[in-house]
Structures are given as structure tokens and as C-alpha cells.
Amino acid sequence: MTERTATSVSDRRQVRAEPPLRVCLVGPSLDIVGGQSIVLDRLLSRFRETEGVTVSFVPVNPRLPGPLRALQRVKYLRTVVTSIAYVASLLRQLRHVDVVHAFSASYWSYLLAPVPAMLVGRLYGKTVVLNYHSGEADDHLANWRTAIPLARLAHVIAVPSGYLVEVFKRHALGARAVFNFVEVDAIPVRARSTVRPRFLSNRNLEALYNVACTIRAFARVQQVHPDAELVVAGDGRERGALEALVGELGLRNVRFLGRVAPSAMPALYDAA
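This is a predicted model, so every value here is computed, not measured.

Rules behind the numbers
The numbers attached to residues start from 1 for each chain and follow its sequence in the written order. Since the coordinates come from a predicted model, pLDDT governs what is reported: local features require at least 70, and pairs of side-chain atoms require 80 or more to be given and counted, while whole-chain, interface and lining totals use all residues. Just so you know, side-chain values use all the structure's heavy atoms and leave hydrogens and water out. A fitted line through C-alpha atoms represents every axis, and for helices the fit uses only the stretch in contact; the resulting angles, taken between N-to-C directions, go from 0 to 180 degrees. Here a helix means four or more residues in a row that DSSP labels H or I, a strand means two or more in a row labelled E, and each is numbered from the N terminus. For classification purposes, an angle smaller than 35 degrees is called roughly parallel, one larger than 145 roughly antiparallel, one from 65 to 115 roughly perpendicular, and anything else oblique. Here a crossing is called left-handed whenever its near helix is offset anticlockwise from the far helix by less than a right angle, and right-handed whenever the offset is clockwise. Residue contacts are defined here by distance: any two heavy atoms, one from each residue, within 4.5 Å place the two residues in contact. All amino acids are sorted into three groups, where Ala, Val, Leu, Ile, Met, Phe, Trp, Tyr, Cys and Pro are nonpolar, Asp, Glu, Lys and Arg are charged, and the leftover types, Gly among them, are polar. Residue types Ala, Val, Leu, Ile, Met, Phe, Trp, Tyr and Cys, when buried and joined through side-chain atoms within 4.5 Å, form a set referred to as a nonpolar core. Whether a residue is buried, partly exposed or exposed follows from its accessible area with a 1.4 Å probe, protein chains only, as a fraction of its type maximum: under 20%, in between, or over 50%, in that order. By definition, a salt bridge exists where a carboxyl oxygen of Asp or Glu is found within 4 Å of a side-chain nitrogen of Lys or Arg. Surface patches are defined over residues having more than 30% relative accessible area and no salt bridge, joining like charges when they lie within 9 Å and nonpolar side chains (Val, Leu, Ile, Met, Phe, Trp, Tyr) when within 5 Å. The method behind every accessible area is Shrake-Rupley, applied with a 1.4 Å probe, and residues are considered shielded solely by the protein chains displayed.

Undergrad: Explain the packing of helix H9 (residues 211-224) against helix H10 (residues 239-248) to me, using residue names and the numbers behind them.
TA: Two numbers describe how H9 lies on H10: the axes approach to 10 Å, and their chain directions differ by 15°. Here H9 is positioned roughly parallel relative to H10, judged by the angle of their axes. As H9 runs across H10, the sense of the crossing is right-handed. Facing Val211, Ala212, Ile215 and Arg216 of H9, the residues of H10 in contact are Leu242, Leu245 and Val246. Split into classes, the residues belonging to the contact of H9 with H10 amount to 6 nonpolar, no polar and 1 charged.

Quick look at the structure:
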């Protein structure tokens, strides 16, 4: 055996003996259906298929066990008890990982969700990744005095767009774009020989997403195409007001589906 071959065999043995990288994803579970939870769930699945990586998950919205779950139905109290359970999970699980990968939105959600994960990760000497998803980043970083110092807890800041890279740069924070991915194999593709006015809204019904604007735009479409249809997939605090708006505008063929599981979305896209 030559010296080069012996070195190569030794290197391969060293590679085989190296322990896997232990990554913990921290963010919302699919109990809160939205962009973050869906991307996190996809990333979790991909990491489970990746050689050399073991992955775990700490939800920021843990379900309390047994009768304690009733506390999570009480306004304000649910925030307190859920936060206590969440931090306890971080203290228990993050000591056993190498990388803490925390998903983040803006404002209070930023303080309640990724910041505790970053603090505990730093306490244990782990590598911390902040995965920031919010179009309100510029206002958040400019007007919340804690936002920038706390973002510096992260060793790496990941964002889903070049736009957000530029926003963070304006606030003297380095970020790198890691774009969201779509599982195209799950979405059927067909030629639309006849294009019909069938529209789909797939945003949660919260004020931030302004689904009311979509409904008003649809009203203008329906003036020209009386048979136009609109399917509203998603739920949230604005649902009652949006249903009332549909009535005020005298719209027809508008269906509110409520919460839709991610696995059911491809069929809605196909029908639109």
C-alpha cells in the first residue's frame, strides 16, 4: 500500500467516525399554518433525509399536556404559560445540539420566539442562526431599540430575499439570502385551454395581509365577469370582517374555506 493510499484510507475512516452535525430548528409548528411553519416543516423533512445531519425541533407554540391545555384557551394567560413551557423546552433540548436555527418574524413575535432560543443557544455556547421572515423588517429594525442588539446574538442571519439582505445591510447587519423552496412535484401541472375567472387567496386572515384588498379587487373583476369565483383559503381574526365586506359589496361565488392543511393546497391551486 502506497503512502497516498494509506492516507486516503485514514481520511475515509476519519470521515466515517466524525459525529453528525446536530441541528435544532426552533419556530412555529403546523398548529399555526403560515409561511414560517410550512417552510420550517419542509426544512425539517429535508434535514431528516440529509446524511451527516441529525435534526430536532422545538415549537414556539408547544401544546401543554392534559388539563393544562385549557390554560392555553385563556387570553393573555396562554401567552404566559406557553412561554414558560417553550423556554423550559429550550433549556432541556438545546444543550444537546450544535446549531440552533431559530425562525423569526417582527416586533413582539421576535422577542417571544427567536430571542429566547438565541439567548439559550449562546448560554450553551452553540452556533446560532436567525432565520428572519418579515416584510416589516425595516420598520422593526429602525424603531425597536432592542431589535439590532438582539439580532447580533446570531452568528448568521438568513433571510428569504435579496430585498431583506439590503434592509439588514442598511442597519449594519450582514444577512444572506436563502430562498424559500417549492415542492414542485406535489403541484399538478396542466394546460388551461380555457382560462376561467377562478381566483384563489391563500393568505391567513390577519390585518397584516390585507385580504380585504383582494376582495375589493375581486369586486371589480366581478363587475366585468359576473361568473367570477373567489376561494379564500385560510383563517384568522379578520374572517368575520371579511365575510361582512363580501356581503356589503354584494359579491357572489365567494367561498371561505377556513384553515387548509398544506397537503390540500395543491388541489386548490389546480382548481384555480
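Once the structure has been displayed, the description carries forward.
Undergrad: Break down the nonpolar core for me, citing the residues and quoting the values.
TA: Counting residues in hydrophobic clusters, the biggest one holds 21 residues, and the most contacted among them are Tyr110, Leu130, Ile157 and Phe168. Of all the secondary structure elements, the ones that give two or more residues to this core are helix H5 (114-123), strand S4 (127-132), helix H6 (137-143), helix H7 (147-151), strand S5 (156-159) and helix H8 (162-170). Dropping the residues within four chain positions of it, Leu130 is found in contact with Ala102, Ser104, Tyr110, Pro114, Met118, Ala151, Ala154, Val156, Ile157 and Ala158. Formed by 15 residues, the second largest nonpolar core is a distinct cluster that contains Leu230, Leu251, Val254 and Phe256.

Undergrad: Lay out the pattern of salt bridges in plain terms, naming residues and giving numbers.
TA: Two side chains with opposite charge may pair up if their charged atoms get near one another. Across all of its chains, the model carries 8 salt bridges by this definition. Here Asp98 and Arg22 are joined by a salt bridge, their closest N and O atoms 2.9 Å apart. Of this pair, Asp98 sits in the loop between helix H3 (77-93) and strand S3 (99-104) while Arg22 sits in strand S1 (residues 21-27), placing them 76 residues apart in sequence. With a relative accessible area of 27%, Asp98 lands in the partly exposed category.

Undergrad: Describe a nonpolar patch on the surface, listing the residues and the values that go with them.
TA: The grouping of Leu68, Leu71, Val74, Leu77, Val80 and Ile84 at the surface amounts to a nonpolar patch, some 490 Å² of accessible area in total. By secondary structure assignment, the location of Leu71 is in the loop between strand S2 (53-59) and H3.

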